[in-house]
Amino acid sequence: MHEASLVSALCDQIDRAVAPHPGALVRVVHVRLGELAGVEPELFRVAFETLREGRACDGATLSIVHELAEWRCRACDAAITRGAALRCNACGGAARLARGGDLFLDRLELEVPDV
Amino acid sequence: MCDVCGCGDPKVVSVDVHASLLSANDHEAAHLRAHFLEDGVTAINLMGSPGSGKTALLEATARALGGRLRLAAVSGDLATTHDADRLALAGIPSAPITTGTACHLDAAMVAGAVHGGVIGEAVRTSDLFFIENVGNLVCPAIYDLGQAANVVALSVTEGIDKPLKYPVMFKAADLVVLTKVDLLPHLRGVSVGAIADALSRVMPTPRLIELSAVDGTGLAAWAEWLMARRDEVRRAPRPAHPHSHGHEHQR
Ligand SMILES: Nc1nc2c(ncn2[C@@H]2O[C@H](COP(=O)(O)OP(=O)(O)OP(=O)(O)O)[C@@H](O)[C@H]2O)c(=O)[nH]1
Ligand SMILES: [Mg+2]
Ligand SMILES: [Zn+2]
Ligand SMILES: [Zn+2]
């Protein structure tokens, strides 16, 4: 359910990014949702389709990259097997989440008038 | 140019934004954190499923530490003020944050609740400030509230697989308090070892305290853990120019 509040933050960010481009139409919105970032991509999409109405991104296509989680050793950077205990097999070091923990608005594709 | 009428064709440009969807919340949380540090307040974000024993843990904390430390709390609740009322009765100055339909607290809600008033003063002068989040194992995990530490209350009656089903919550936890351990003898198939194993797969630095608010098991270890967090906050360098950060309070 927090997908709705995240999408409304997304719409605010899009408004700000589009502001320097008068007359621009937002065609595609590229977001990256990490597997361990706590967001259901499908709920996010539904929220986007509802909340974009009347905003700069109204009518835009949402492109979602779902980024798989990747844990690595803090000390030696060795990869940790999915589902295994979060300890490095090589050196015993603690794990860090190298990918898959973020929610990002990466990029917009805008259609701007050619003047 | 369009070759039919010579008008200007629209062109497509790509604009890199690369911004976290949580940046507005993170900004507000950083502001809260600066205030907590400045005032020497150790803020604890207490999360967990509905009914996992969060309020009972805080009531027991008041009994264990109330004489030694100044405590304060806010409680996120969809519809009622029951938890804040229970905490006040237990001797913890507290205020409710009624979230309505929101399934989590965010930094702006906490800032609004602790800005001014009797509760604001109680929080500013407290040693430990507890933020009891909305009962939910999903949504609260991603919102920074300016806390010094995240604690998840997980009750033995929830079974052994919750860490694997809700990894986002446990990944963010600094400590898991395994609550209601007095009930373990009645629960076939639930062992602390199995819960610890599940935690080791989702929590980068697993830390577990077994506790019962009913018989007092684990309260001493919990109090000791809290004191250590408080000492860390006390030793942390204070923000050099307390209000050099842009200081517009929105409410
Ligand atoms: N046996 C036993 N019961 C407990 C313990 N801690 C809490 N309970 C019971 O569990 C129920 C829920 O406890 P609460 O403290 O209200 O749980 P909560 O997590 O604050 O609940 P919400 O805020 O509504 O999500 C109550 O009936 C408590 O009496 C415990 O250590 N042992
Ligand atoms: Mg409660
Ligand atoms: Zn939610
Ligand atoms: Zn290693």
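Scroll up for the structure.
This write-up is about the structure you can find in this document. Counting of residues starts from 1 at the beginning of each chain's written sequence and follows it residue by residue. Naming scheme: in the order in which they are written, chains are lettered from A and ligands are numbered from 1. The predicted origin of the model limits local features to residues at a pLDDT of at least 70 and limits the giving and counting of side-chain atom pairs to 80 or more, whereas totals for whole chains, interfaces and linings rest on all residues. Note: side-chain values were computed over all heavy atoms of the structure, leaving out hydrogens and water.

### Notes on the overall build of chain B
The helix and strand labels rest on DSSP assignments: H or I over at least four residues marks a helix, E over at least two residues marks a strand, and numbering proceeds from the N terminus. Regarding its fold elements, chain B presents 9 helices and 8 strands. Judged by the C-alpha coordinates and their principal axes, chain B covers about 85 × 45 × 35 Å. Each residue's exposure class comes from its accessible area (1.4 Å probe, protein chains only) as a fraction of the maximum for that residue type: buried when under 20%, exposed when over 50%, partly exposed otherwise. A buried classification covers 51% of the 251 residues belonging to chain B. Contacts were defined at the residue level, with two residues in contact if any of their heavy atoms lie within 4.5 Å. Excluding contacts between residues fewer than 6 apart, the proportion of contacts in chain B whose partners are at least 24 apart in sequence is 75%.

### Section: the coordination of the zinc ion (ligand 4)
Residues and elements named next belong to chain A. Taken together, the protein donors to the zinc ion (ligand 4) comprise Cys73 (SG), Cys76 (SG), Cys88 (SG) and Cys91 (SG), at separations of 2.3 to 2.4 Å. Each metal site is built from N, O and S donor atoms within 2.8 Å (3.2 Å for Na, K and Ca), and since water is not included, such sites may look incomplete. A four-donor site is classed as tetrahedral when every donor-metal-donor angle falls between 85 and 135 degrees; four donors are called square planar, and six octahedral, when trans pairs exceed 155 degrees and all remaining angles lie between 65 and 115, with any other arrangement labelled irregular. Around the zinc ion (ligand 4), the 4 donor atoms sit at angles spanning 100 to 123°, and that spread fits a shape best called tetrahedral. Between the donor residues of the zinc ion (ligand 4), the gaps in sequence give the motif C-x2-C-x11-C-x2-C. With Cys73 in strand 3 (residues 70–73) and Cys91 in the loop between strand 3 and strand 4 (95–99), this pair connects stretches of sequence that are 18 residues apart. On the basis of relative accessible area, Cys73 is assigned to the buried category, the value being 1%.

### Brief notes about the site of ligand 1
All names here are of chain B. One heavy atom within 4 Å of a molecule or strand is enough for the residue carrying it to be called near that molecule or strand. The environment of ligand 1 is made up of 18 residues, and the closest members are Lys54, Thr55, Ala56, Asp182 and Ala213. Side-chain atoms alone can form a polar contact between residues adjacent in sequence; in general such a contact is a pair of N or O atoms within 3.5 Å, and within protein one must be able to donate a hydrogen while the other accepts it. Between ligand 1 and Ala56, the relevant distance is 2.8 Å, taken from an oxygen atom to a main-chain nitrogen or oxygen of the residue. In this structure, an oxygen atom belonging to ligand 1 sits 3.0 Å away from a side-chain N or O atom of Glu132. Residue exposure ignores everything except the shown protein chains as possible cover, and the areas themselves are Shrake-Rupley values with a 1.4 Å probe. Contact with the protein chains hides 68% of the accessible area of ligand 1, taken as 650 Å² for the molecule alone. Only helix 2 (54–65) and helix 3 (82–89) provide two or more residues apiece to the shell around ligand 1. By residue number, the principal contributor to the shell around ligand 1 is helix 2, which donates 3 residues.

### Focus on the packing of aromatic side chains
All names here are of chain B. In summary, the pairing rule links any two rings of Phe, Tyr or Trp, Trp by its six-membered ring, whose centres are within 6.5 Å, and it sorts them by plane angle into stacked for under 30 degrees, edge-to-face for over 60 and tilted for everything else. Applying the stated criterion across every chain yields a total of 3 aromatic pairs over all chains. Aromatic side chains Phe36 and Phe129 sit 5.7 Å apart centroid to centroid with 55° between the ring planes, which places their arrangement in the tilted category. With Phe36 in helix 1 (residues 23–39) and Phe129 in strand 5 (residues 128–132), this pair connects stretches of sequence that are 93 residues apart. Both residues of the pair, Phe36 and Phe129, count as buried. Both rings, one in Phe130 and one in Trp222, keep their centres 6.4 Å apart while their planes meet at 35°; by these two values the pair is tilted. Taken together, the residues Phe130 in strand 5 and Trp222 in helix 9 (residues 219–235) connect sequence positions 92 residues apart. Among the aromatic residues, ring-to-ring pairing joins Phe130, Trp222 and Trp225 into one connected group. Taking NZ or CZ as reference, Arg229 lies 4.8 Å from the ring centre of Trp225, over its face. We count a charge as sitting over a ring when the NZ of a lysine or the CZ of an arginine lies within 6 Å of the ring centre and within 35 degrees of the ring normal.

### Overview of the sheet that holds strand 5 of chain B
Residues and elements named next belong to chain B. If you walk across this open sheet you meet the 7 strands as 4-3-5-2-6-7-8, and the pairing is parallel. Of all strands in the sheet, those bounded by a partner on one side alone are strand 4 (94–98) and strand 8 (208–210). This sheet shows a mean twist of 20° between the axes of neighbouring strands, independent of strand direction. Two strands form a pair only when DSSP identifies at least two bridges running between them. Where strand 6 (residues 149–155) and strand 7 (residues 175–179) come together, 5 bridges link them in parallel fashion. Residue pairing in the sheet places Ala153 in a bridge with Val177 of strand 7. Axes here mean lines fitted to C-alpha atoms, for a helix over just the part in contact, with angles spanning 0 to 180 degrees between N-to-C directions.

### Overview of the coordination of the magnesium ion (ligand 2)
Protein-derived ligands of the magnesium ion (ligand 2) are Thr55 of chain B (OG1), Asp83 of chain B (OD) and Glu132 of chain B (OE), with the metal-ligand distances lying across 2.1 Å. With relative accessibility at 2%, the residue Glu132 of chain B sits in the buried group.

### Side note on the nonpolar core
For soluble globular proteins, the rule of thumb is that nonpolar side chains tend to be buried together. As used in this record, nonpolar core signifies buried Ala, Val, Leu, Ile, Met, Phe, Trp, Tyr and Cys residues forming a set joined through side-chain atoms within 4.5 Å. Core analysis: the largest hydrophobic core is formed by 79 residues, its most contacted members being Val29, Phe44 and Leu108 of chain A together with Phe129 of chain B. When residues in this core are grouped by element, the largest group, 7 residues, is from helix 1 (residues 3–18) of chain A. Not counting chain neighbours up to four residues away, the residues in contact with Phe129 of chain B comprise Phe36, Val41, Thr42, Ala43, Ile44, Ala72, Ala73, Val74, Val110, Val114 and Val123 of chain B. With 26 residues, the next largest nonpolar core counts Ile44, Leu46, Ala62 and Trp225 of chain B among its residues.

### Notes on the side chain of Thr55 of chain B
Note on placement: Thr55 of chain B falls in helix 2. Beyond its immediate sequence surroundings of up to four residues, Thr55 of chain B is in contact with Asp83, Arg86, Leu87 and Glu132 of chain B.

### Comments concerning the sheet that holds strand 1 (residues 25–34) of chain A
Within the open sheet, the 4 strands sit side by side as 2(A)-1(A)-5(A)-1(B). Their pairing is mixed. In this open sheet, the two strands that pair with only one neighbour each are strand 2 (61–67) of chain A together with strand 1 (11–20) of chain B. Sheet twist, expressed as the mean angle between neighbouring strand axes with direction ignored, is 15°. Both strand 5 (residues 103–112) of chain A and strand 1 of chain B contribute to a ladder of 8 bridges, which runs antiparallel. From the neighbouring strand, Leu108 of chain A faces strand 1 of chain B, where its bridge partner is Val15 of chain B. Across the sheet, helix 2 (residues 41–51) of chain A is in contact with strand 1 and strand 2 of chain A; its angle to strand 2 of chain A comes to roughly 160°.

Functional significance is not addressed by these values, which are geometric in nature.
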